[in-house]
Amino acid sequence: MKNEIETKVNGILSSLLERKLEEINARCSLKDDLDVDSTEMVELCGVLEKTFNVEIDDTVEKKLKTVGDLYTLLSSTKH
């Protein structure tokens, strides 16, 4: 069963990228599988920051390669 963070992140990605929830999992590459471009990445990080009340700086943003990376980042922050 998915935890709350995974459920929220998947919902945000599904809505933002107009993808079916079934297409999104921890192993998905943001760039290669979900076609997230740099503009969408900035928008995604902004939505995640508001939703989880965290700050994602540019150096961290550049290291986010998979959906699993998003789960890990948001699981490790206090929110």
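Since the model is a prediction, treat every value here as computed from it, not as a measurement. (Residues numbered from 1 in each chain as written. Predicted model: local features only at pLDDT ≥ 70, side-chain atom pairs only at ≥ 80, totals over all residues. Heavy atoms only, no water.)

Enquirer: Before we move on, could you go through the packing of helix 1 (residues 4–17) against helix 2 (residues 38–52) and cite the residues and values that matter?
Expert: For the pair helix 1 and helix 2, interaxial distance at closest approach is 11 Å and the crossing angle is 140°. Classified by the angle their axes make, helix 1 and helix 2 are oblique. Note that helix 1 runs across helix 2; the crossing there is right-handed. Listed contacts from helix 2 to I5, K8, V9, I12, L13, L16 and L17 of helix 1 are E40, E43, L44, V47, L48, T51 and F52. For the contact of helix 1 with helix 2, a count of residues per class yields ten nonpolar, one polar and three charged. (Axes fitted to C-alpha atoms, helices over the stretch in contact; angles between N-to-C directions. Helix = DSSP H or I, 4+ residues; strand = E, 2+ residues; numbered from the N terminus. Parallel < 35°, antiparallel > 145°, perpendicular 65-115°, else oblique. Left-handed = near helix turned anticlockwise from the far one by under 90°. Contact = heavy atoms within 4.5 Å. Nonpolar A, V, L, I, M, F, W, Y, C, P; charged D, E, K, R; others polar.)

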